[in-house]
Amino acid sequence: MKSKVDELKAAYDREECPCLEEYDPHTVASLLKQYLRELPDNLLGKELVSRFEEACGRPSEAEKLQEFQRLLGEVPTGSRLLLAWLITHMDHVIARETDTKMNIQNISIVLNPTVQ
């Protein structure tokens, strides 16, 4: 599987647009996780991670949402855009849970270490 991930990464490094349908979904997911791990800084920013975790402890959903929105405003623009696309993609994966076997908890387990 690593050789397929490397092959796919090499195609992107050459600025090609490989047909992802020719690859196993696990290969594509592995490349995405590798890309996120290799970012120079984590997606949320080291100082914001703990503040996002603290926001999860807010007593009401409205307070959590308000704090998340405020904190997202502090995320650098490029990271915020990437995060928006990642969330959109994961929403599509979760919507196909019967096929992907990925629900919100599974996605969190897999991506949390990578995003942080």
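Not measured: the values here are computed from a predicted model.

What counts, and where the lines are drawn
- Residues numbered from 1 in each chain as written.
- Predicted model: local features only at pLDDT ≥ 70, side-chain atom pairs only at ≥ 80, totals over all residues.
- Heavy atoms only, no water.
- Helix = DSSP H or I, 4+ residues; strand = E, 2+ residues; numbered from the N terminus.
- Buried < 20%, exposed > 50% of the residue type's maximum accessible area, 1.4 Å probe, protein only.
- Salt bridge = Lys/Arg side-chain N within 4 Å of Asp/Glu carboxyl O.
- Phe/Tyr/Trp six-rings, centres within 6.5 Å; stacked < 30°, edge-to-face > 60°.
- Axes fitted to C-alpha atoms, helices over the stretch in contact; angles between N-to-C directions.
- Parallel < 35°, antiparallel > 145°, perpendicular 65-115°, else oblique.
- Left-handed = near helix turned anticlockwise from the far one by under 90°.
- Contact = heavy atoms within 4.5 Å.
- Nonpolar A, V, L, I, M, F, W, Y, C, P; charged D, E, K, R; others polar.
- Core = buried A, V, L, I, M, F, W, Y, C linked by side-chain atoms within 4.5 Å.
- Disulfide = S-S within 2.5 Å.

S.K.: So what's going on with the overall build of the protein? Which residues, and what values?
M.R.: Helix and strand counts for the protein stand at 7 helices and 0 strands. Moving toward the C terminus, one meets the helices and strands of the protein in the order α-α-α-α-α-α-α. With respect to the three principal axes, the spread of C-alpha positions in the protein is 45 × 35 × 20 Å. Put simply, the protein has 116 residues, and 27% of those count as buried.

S.K.: Can you break down the pattern of salt bridges residue by residue, with the values?
M.R.: One pass over the structure, following the stated rule, counts 9 salt bridges. As a salt-bridge pair, Glu 67 and Arg 70 come within 2.7 Å of each other at their nearest N and O atoms. Taken together, the positions of Glu 67 and Arg 70, both in helix 4 (residues 61–72) and 3 residues apart, correspond to about one turn of that helix. Given a relative accessible area of 11%, Glu 67 falls into the buried group. Take Arg 70: its relative accessible area is 42%, and that puts it in the partly exposed class. Counted as one network, the salt bridges with shared partners bring together Arg 51, Arg 58, Glu 67, Arg 70 and Glu 74.

S.K.: Describe the packing of aromatic side chains, with residues and values.
M.R.: Any pair of aromatic rings gets described here by the distance separating the centres and the angle formed by the planes. In total, this model carries 1 aromatic pair according to the counting rule given. Judged by centre distance (6.1 Å) and plane angle (25°), the rings of Phe 52 and Phe 68 are stacked. Of this pair, Phe 52 sits in helix 3 (residues 46–55) while Phe 68 sits in helix 4, and the two are 16 residues apart along the sequence. For Phe 52, a relative accessible area of 11% corresponds to the buried category. Its relative accessible area of 25% is what places Phe 68 among the partly exposed residues.

S.K.: Tell me about the packing of helix 5 (residues 77–95) against helix 7 (residues 104–115), and name the residues and values.
M.R.: Packing of helix 5 against helix 7 leaves a shortest axis separation of 10 Å and a crossing angle of 150°. Here helix 7 runs roughly antiparallel to helix 5, going by the angle between their axes. Once helix 5 is placed against helix 7, the crossing between them reads as right-handed. Here Leu 86, Met 90, Val 93 and Ile 94 of helix 5 lie close against helix 7, whose contacting residues are Ile 104, Ile 107, Leu 111 and Val 115. Classifying every residue of the contact of helix 5 with helix 7 by side-chain character gives 8 nonpolar, no polar and no charged.

S.K.: Can you tell me about the nonpolar core, naming the residues and giving the values?
M.R.: Core analysis: the largest hydrophobic core is formed by 16 residues, its most contacted members being Leu 43, Leu 44, Phe 52, Leu 86, Leu 111 and Val 115. Those elements that place two or more of their residues in this core are helix 3, helix 5 and helix 7. Setting aside anything within four residues of it in sequence, one finds Leu 111 in contact with Lys 33, Leu 36, Leu 86 and Met 90.

S.K.: Got a sec to walk through the state of the cysteines? Specific residues and values, please.
M.R.: What the rule picks out here adds up to 0 disulfides. Between Cys 19, a cysteine without a disulfide, and Cys 17, which holds the nearest cysteine sulfur, the sulfur-to-sulfur distance is 11 Å. The class for Cys 19 is partly exposed, based on a relative accessible area of 37%.

Any link to function would need more than the numbers given here.
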